[in-house]
Amino acid sequence: MIRAACPADAAAIAEIYAHHVLHGTASFDTVPPGASEWRTKIADITARGWPFMVAEEEGKVAGYAYATQFRDRPAYAETCENSIYIAPLHAGRGLGSALMEALLPAAAKAGFHQMVAVVGGGEPASVALHQKFGFVVAGRMQNVGRKFGRLLDTVYLQRTLDGDAIA
């Protein structure tokens, strides 16, 4: 089940993200934010009318996705960046696709016309998920992050949201 995130989801979201911060390269964060920071983030994103959603399996948060303005400058007001993370025990079950299917029209409904994905470490599964939904590689920045003693690339993907709005 995909639904809107609420403040009560913050601890589960923090746990999912912490796993990716501590064990993966999709995020270049090195210290995971706590539940209180996630509560604030959920409130800030939803207050702006932007989508923040969770995927539930058996009543527990198994993944989340949100879209925020790509950059703070006014010229970027119609371009968003997405974030999608899945709990490790729920990976490979199609939750990333389910979240993306919900996120794309929700972002369009929020007024965004372009969506950008910034994939830390060039993670192949994340790149493949985005390409499955019509994203194209817009560029690769080589060796821009260092994590776990390795230099990592960042892959940028992009797609239009026009036609994805919910009437």
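Reading guide: rules and limits
Residues numbered from 1 in each chain as written. Predicted model: local features only at pLDDT ≥ 70, side-chain atom pairs only at ≥ 80, totals over all residues. Heavy atoms only, no water. Axes fitted to C-alpha atoms, helices over the stretch in contact; angles between N-to-C directions. Helix = DSSP H or I, 4+ residues; strand = E, 2+ residues; numbered from the N terminus. Parallel < 35°, antiparallel > 145°, perpendicular 65-115°, else oblique. Left-handed = near helix turned anticlockwise from the far one by under 90°. Contact = heavy atoms within 4.5 Å. Nonpolar A, V, L, I, M, F, W, Y, C, P; charged D, E, K, R; others polar.

A.B. asks: Would you mind going over the packing of helix α1 (residues 10-23) against helix α2 (residues 35-47) with me for this structure?
C.D. replies: Helix-helix packing is characterised by the crossing angle of the two axes and by the distance between the axes. The N-to-C vectors of α1 and α2 enclose an angle of 110°; their axes lie 8 Å apart at closest approach. By the criterion of interaxial angle, the relationship of α1 to α2 is roughly perpendicular. The two elements α1 and α2 meet at a crossing, and its hand is right-handed. Contact residues: Ala10, Ala11, Ile13, Ala14 and Tyr17 in α1; Ala35, Trp38, Arg39 and Ile42 in α2. The residue inventory of the contact of α1 with α2, partitioned by class, reads eight nonpolar, no polar and one charged.

A.B. asks: Help me out: how do you make sense of the environment of Lys60 in this one?
C.D. replies: Mapped onto the secondary structure, Lys60 falls in strand β3 (residues 60-69). Along the chain, Lys60 and Gly94 lie 34 residues apart, while their C-alpha atoms are 16 Å from each other.

A.B. asks: How do you make sense of the environment of Leu152 when you look at a structure like this?
C.D. replies: Relative to the helices and strands, Leu152 is located in strand β7 (residues 150-160). Residues Leu152 and Ala26, 126 residues apart in the sequence, show an inter-C-alpha distance of 9.8 Å. Among all residues touching Leu152, those that are not within four sequence positions of it are Thr25, Phe28, Gly121, Gln142, Asn143, Val144, Gly145 and Lys147.

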